[in-house]
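Architecture and fold: a report
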Amino acid sequence: MEVKQHIVPAIKTMKQFDAFLASGYEIGVLLEVHIAQLKSIFDYARRRGKQLIVHADLVQGLSHDEHAAEYLCQQFRPHGLISTKAGVIMKARQKRVLAVQRVFLLDSHALEKSYQLIAKTNPDCIEVIPGAMPHIIREVKERTGKPIYAGGLVRTVDDVEQALEAGAAAVTTSNEALWRHYDRRHDE
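The shown structure was predicted, so the numbers you read here are calculated from the model rather than taken from an experiment.

All right, on to the sheet that holds strand S6 (residues 80–83) then. Here eight strands make up a closed barrel; going around it, the order is S1-S2-S4-S6-S7-S8-S9-S10 and the pairing parallel. Adjacent strand axes in the sheet meet at a mean angle of 25 degrees when their direction is disregarded. Inspection of the sheet shows strand S1 (residues 7–11) paired to strand S2 (residues 27–30) by two bridges, in the parallel sense. Paired with Ile11 across the strands is Leu30, a residue of S2. Contacts from helix H5 (residues 108–121) reach strand S7 (98–104) and strand S8 (125–129), with the element oriented near 165 degrees to S7. Contacting S8 and strand S9 (148–151), helix H6 (residues 134–144) runs over the sheet at an angle of about 155 degrees to S9.

Locating Val3 in the fold gives a position in the segment before S1. Judged by relative accessible area, Val3 falls into the buried class, the value being 3%. Placed 63 residues apart in sequence, Val3 and Glu66 show a C-alpha to C-alpha distance of 23 Å. Contact partners of Val3, with chain neighbours within four places excluded, come to Val8, Ile27, Ile53, His79, Leu98 and Tyr149.

The next point concerns the layout of surface pockets. Of the volumes computed, that of the largest pocket is approximately 240 Å³. Elements represented by at least two residues in the lining of the largest pocket include exactly S8 and strand S10 (170–173). Residues belonging to the lining of the largest pocket are distributed by class as follows: seven nonpolar, six polar and three charged.

With that out of the way, let us pick up the packing of aromatic side chains. For the coordinates displayed, the defined rule picks out two aromatic pairs. With a centroid separation of 5.4 Å and an interplanar angle of 25 degrees, the aromatic rings of Phe42 and Phe76 are classed as stacked. A residue pair is termed long-range when its members are at least 10 positions apart, and Phe42 in helix H2 (residues 38–47) and Phe76 in helix H3 (residues 66–76) qualify at 34 residues. With respect to burial, Phe42 and Phe76 carry one shared label: buried. Each ring, one from Tyr71 and one from Phe76, has its centre 5.9 Å from the other, and the planes form 80 degrees; the classification is edge-to-face. For Phe76, a relative accessible area of 8% puts it in the buried group. Positioned above the aromatic ring of Tyr44 is the side chain of Arg47, whose terminal nitrogen or guanidinium carbon lies 5.0 Å from the ring centre.

Bringing helix H7 (residues 157–165) into the picture now. Since the α-helix packs 3.6 residues into each turn, any two residues three or four apart lie on the same face. Considered for burial, the residues of H7 that qualify are Val160, Ala163 and Leu164. Along the axis of H7, the buried residues cluster in a sector spanning 95 degrees; they form a single face. Next to the buried residues of H7 lie S1, H6, S9, S10 and helix H8 (176–182). Directly after H7, the chain includes Gly167, whose backbone phi takes a positive value near 115 degrees.

Conventions adopted
Once a new chain begins, its residue numbering starts again from 1 and follows that chain's sequence as written. With the structure being a predicted model, the display of local features is reserved for residues of pLDDT at least 70 and the display and counting of side-chain atom pairs for 80 or more, all residues being used for whole-chain, interface and lining totals. Side-chain numbers come from the whole structure's heavy atoms, not from hydrogens or water. For two strands to be treated as a pair, DSSP must find no fewer than two bridges joining them. Helix and strand assignments follow DSSP, with helices taken as H or I runs no shorter than four residues and strands as E runs no shorter than two, numbered in order from the N terminus. Here, axes are lines fitted to C-alpha atoms. For helices the fit covers the stretch in contact, and angles between N-to-C directions go from 0 to 180 degrees. Any two residues whose heavy atoms approach within 4.5 Å at even a single point are treated as in contact. With a 1.4 Å probe rolled over the protein chains alone, any residue whose accessible area is under 20% of its type maximum counts as buried; one over 50% counts as exposed, and the rest are partly exposed. Using only the protein atoms, space was sampled on a 1 Å grid; points where a 1.4 Å probe fits but cannot get out form cavities, open sets with protein on both sides within 12 Å along at least five of seven lines form pockets, and lining residues are those with an atom within 4 Å of a point. Grid points are joined across faces, edges and corners, and a volume is the space filled by probe spheres set on the points. Nonpolar residues are Ala, Val, Leu, Ile, Met, Phe, Trp, Tyr, Cys and Pro. Charged residues are Asp, Glu, Lys and Arg, and all others, Gly as well, are polar. Only rings of Phe, Tyr and Trp enter the pairing, Trp through its six-membered ring, and a pair is recorded when the two centres are within 6.5 Å. The plane angle decides the type: under 30 degrees is stacked, over 60 is edge-to-face, the rest tilted. We count a charge as sitting over a ring when the NZ of a lysine or the CZ of an arginine lies within 6 Å of the ring centre and within 35 degrees of the ring normal. By arc we mean the arc of the directions from the helix axis to the C-beta atoms, nothing more.

Function cannot be read off these values alone, since they describe shape.
As structure tokens, this is what we get:
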């Protein structure tokens with residue numbers, strides 16, 4: 001169920017959703033969406049052979065707990081859910097969708113708290129924020145044994161390459177220039 005692309009487009013607007021649909025990427029992350037838009041977004045994505053990972057904490061009009069996660073899984077059957085919340089991650093695993101634990105690594109204390117959370121939730125993957133810290137990506141991957149997505153403050157091709165070299169399975173980004181740079185269709 002792991003993502004097999006180096007860039008995972010993070011979609012913040014309908015314009016970006018259209019760019020994602022036109023891209024060669026199979027999987028994208030849906031950010032900042034209103035609950036009323038989900039059905040049509042999933043319908044469009046499926047018609048184009050695309051799969052979505054929903055950032056459960058950013059769905060407007062929906063609580064950010066395990067009940068919301070269950071609703072998302074049952075109603076829309078996303079490829080996965082991203083969340084900072086333990087209950088959401090555990091519900092995603094129970095519902096057999098990709099469970100991506102998002103962690104904000106602000107300092108050493110936050111890093112240690114994140115390790116405790118990861119031990120509790122046992123996610124499929126971990127999204128490390130900010131993702132422009134190769135030595136931390138390497139450490140988190142080695143310590144947890146989980147695939148790492150690097151997200152946040154990844155701005156350049158060099159940032160992407162450093163994250164991937166450090167062991168990130170993929171980079172989540174809303175930077176469309178990076179989408180285009182790594183899109184296989186772009187090279188054809």
